[in-house]
Amino acid sequence: MGVQGLNSFVEANSTFLLKNTRFRNSKLIIDGCNLYYLLYFEHLDQVHGGEYDDLESLLTKFVSALRDSGIEPYVVLDGGSVDSDKKLATVKKRKQDKIWQSYNLSQGLKGRTLPLLTSNVVKQVLSSLKVPLAHCYGEADLEIAALARDWMCPVLSNDSDFYIFENPAGFLPISHFKWRSWRSGFIQCKRFSTATFCSHFDLQPQLLPLFAALAGNDYVKLVELGVEPNWAQFAEGGRRFGRLEGLLSWLRGFNRMEDAMQALLVLLADCGSQKLTKVQKGLGLGMEDYQPPASSLKVFFTEGTAPSIPPELKNVVPAWARLPLAQGRIPSICLDILLHRRICLRTQVQDMSLASSNATSQTIRQVMYGLLQHTTRGRRREQSAGAQGSRGPVKEYDRTGMDLTIRTVSPVIQGAAKQLHFESLDQAPLFTRLTVYLETLGVSQTVLSGIAPHLQVPVCVTCFWLRRAQPPPSWPLLQALVLGLVYGEQRRCQGVPLGGGQQVGAGGARPVLQRLWQWRQRGKQALDLEVAHSCSQWQSCFKDGLLLNQVLTCPLVEPVCAWVFRGTLVHQLAAMLRQGVTAESLLKGDPSSELLYSTLLAAVLSSQPKNKPSVLAWSGEEPPAALVKLTASLERLVTEEEESRSRSEKKPNGLMDDLPDCHGLSIRTRYKTKSRRCQSHHPELFRKRERIGWD
């Protein structure tokens, strides 16, 4: 992103252009996307699907370093693509490159790809730390520049566009922001100012946008039009950056934009009128986004009201949704769906010879598309025209093999969703919204009985994934995913920060947490593509399940994403379980962990179709034996818990304090109620007397 080659050019001239600074006691506008790219790519594993707990830990330390230096952070994130085709070619090119990056990582080669849930983790962590955060309706650069100018404070980013925006307080390149080695009272960094740049190269400040456009940015690249002049001929000597130095040397001769544009047309006179017209149009697009308007985020941050909405969005974004969009409580991809009926899907590390992992969760997205397009206005048009009216197919940009392709997907409105209309979705009854969610994921409310509210979305998603994933997931992988949930949940219960080093908890769960932590810390093994592909399918389902829950204004409690999945642990556990290690042995010593594991696994299995017992790609023990063990384990744990509670009634208060009760369920009542409710649907899971499995 940004101006082609400008980051490297500034670094090469850093002695003149970047000033050492002790930064403290100031507001700071942070380019949020750049921040989590920097934190994740420099320090965390990208191959195994995400180390979200470590990202949470890094982000927490980063915010702590800022606040200890008297710095007030304000984070701004990109939204949708409000401008229809202005940057589409650049987006498609980057998307194709990311497909290759993911492929390289899957083959053990160098590459860079951001795990799927990274942005969700960042937003949740910043919210928990009470860091002000805003989602823009479109590109964030203009809003960041406008807010920084109004507040007279610097911008933290690595986007080279900020070398062009005029900001009196300057620009802090994030690569020089030494937050890890901060000292009491300040953070050492380097500051860039456009005044210093223009003075050094004897350039008029008003020509900076033209310099960026001629150098090539996200909107215009003259070389792709076949008309780029040989700027190096104007440079003094044939150095590494002859193109940019020559361009700056050529611009040095002009005081006004009009004079420079006229001289450019003369320079390109041999290109023909048709190409010159394209050049003028492209330069206009390339320059206009360096003139920020008045900030719309200032009122949002100071008064908590929704920013002013672009005219093209007023008719498609209802009033109730505007503030949640700015706060990130409704996903910004909804804007692309509402305005352009398109979405760019992310490519994870997976088996590229198989279908995209995004195909697994397509039906979830179809319901989301239908909800966003289902309005009373559109319904009236449909009734009068007898056609689809305002509803239309959505173009999904995704991979087929190694190529970026477009898949046309129809929105779906059926069942309880027919009662909902997007313009009044916030007023719809909770029961209706919950019914739509559960219908979409194919889960009955009975399945969630006894499951803690914050674990219900992961359970629903896992049920859906288990039915839809192709090839079918393996039994060890399902166990590994559930063990990962147990690991995160027990650390939450123990109050241990994720990614917090060797101290992994206290109390009854401590042996289990230590055991799982040690396995997680073992050396990395060669990537198992089968496991990687199944995990990427699960994450696609989780991501889209999360988005649907947000569009429905959260009928289920939103889970903390940093706790639900940690890639290296799941991969290690899947390998161990395939080699004969049992889940019970990993949880030995803590009844609460064993009960949580058995409860979650039973809920997932009980949701599977009775007439499809082999939905899993079973390996190791056969499903009947596995289910018998699971049922027996549940019964034993319930009995132990009842006996323990009975004994505790005879003991003085305080003797049971060490047993954490943080799963939000009453084992004596809810589990038995769930068992009785589910008997008619899945008797093979809940037999108590015979304790036999499948007939």
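Residues numbered from 1 in each chain as written. Predicted model: local features only at pLDDT ≥ 70, side-chain atom pairs only at ≥ 80, totals over all residues. Heavy atoms only, no water.

Draft legend 1. Quick peek at the packing of aromatic side chains. Enumeration over the complete set of coordinates arrives at 25 aromatic pairs. Between Phe9 and Phe241, the aromatic rings sit 5.5 Å apart at their centres with planes inclined by 75°, giving edge-to-face as the arrangement. Linking Phe9 in helix α1 (residues 6–12) with Phe241 in the loop between α10 (222–225) and α11 (242–251), this pair joins segments that are 232 residues apart in sequence. For Phe241, a relative accessible area of 14% gives the class buried. With a centroid separation of 6.2 Å and 40° between ring planes, the pair formed by Trp151 and Phe301 is classed as tilted. Linking Trp151 in helix α7 (residues 140–151) with Phe301 in helix α14 (residues 297–303), this pair joins segments that are 150 residues apart in sequence. Phe301 shares its class with Trp151; the two are buried. Of the aromatic side chains, those joined through ring pairs into one cluster are Phe9, Phe162, Tyr163, Phe165, Phe171, Phe192, Phe197, Phe201, Phe211, Phe241 and Tyr290. The residue whose ring lies beneath Lys27 is Trp151, and the NZ or CZ to ring-centre distance is 5.3 Å. (Phe/Tyr/Trp six-rings, centres within 6.5 Å; stacked < 30°, edge-to-face > 60°. Helix = DSSP H or I, 4+ residues; strand = E, 2+ residues; numbered from the N terminus. Buried < 20%, exposed > 50% of the residue type's maximum accessible area, 1.4 Å probe, protein only. Lys NZ or Arg CZ within 6 Å of the ring centre and 35° of its normal.)

Draft legend 2. Summary view of the sheet that holds strand β9 (residues 394–400). If you walk across this open sheet you meet the three strands as β8-β9-β10, and the pairing is mixed. With one partner strand each, in any of the chains shown, β8 (342–344) and β10 (403–409) form the two edges of the open sheet. Averaged over all adjacent pairs, the angle separating strand axes in this sheet is 30°, with direction ignored. In this structure, β8 lies alongside β9, joined through three bridges in parallel fashion. Counterpart to Cys344 in the pairing with β9 is Tyr397. Each of β8 and β9 touches helix α16 (residues 333–340); the most contacted strand, β8, lies at about 145° to it. (Pairing = 2+ DSSP bridges. Axes fitted to C-alpha atoms, helices over the stretch in contact; angles between N-to-C directions. Contact = heavy atoms within 4.5 Å.)

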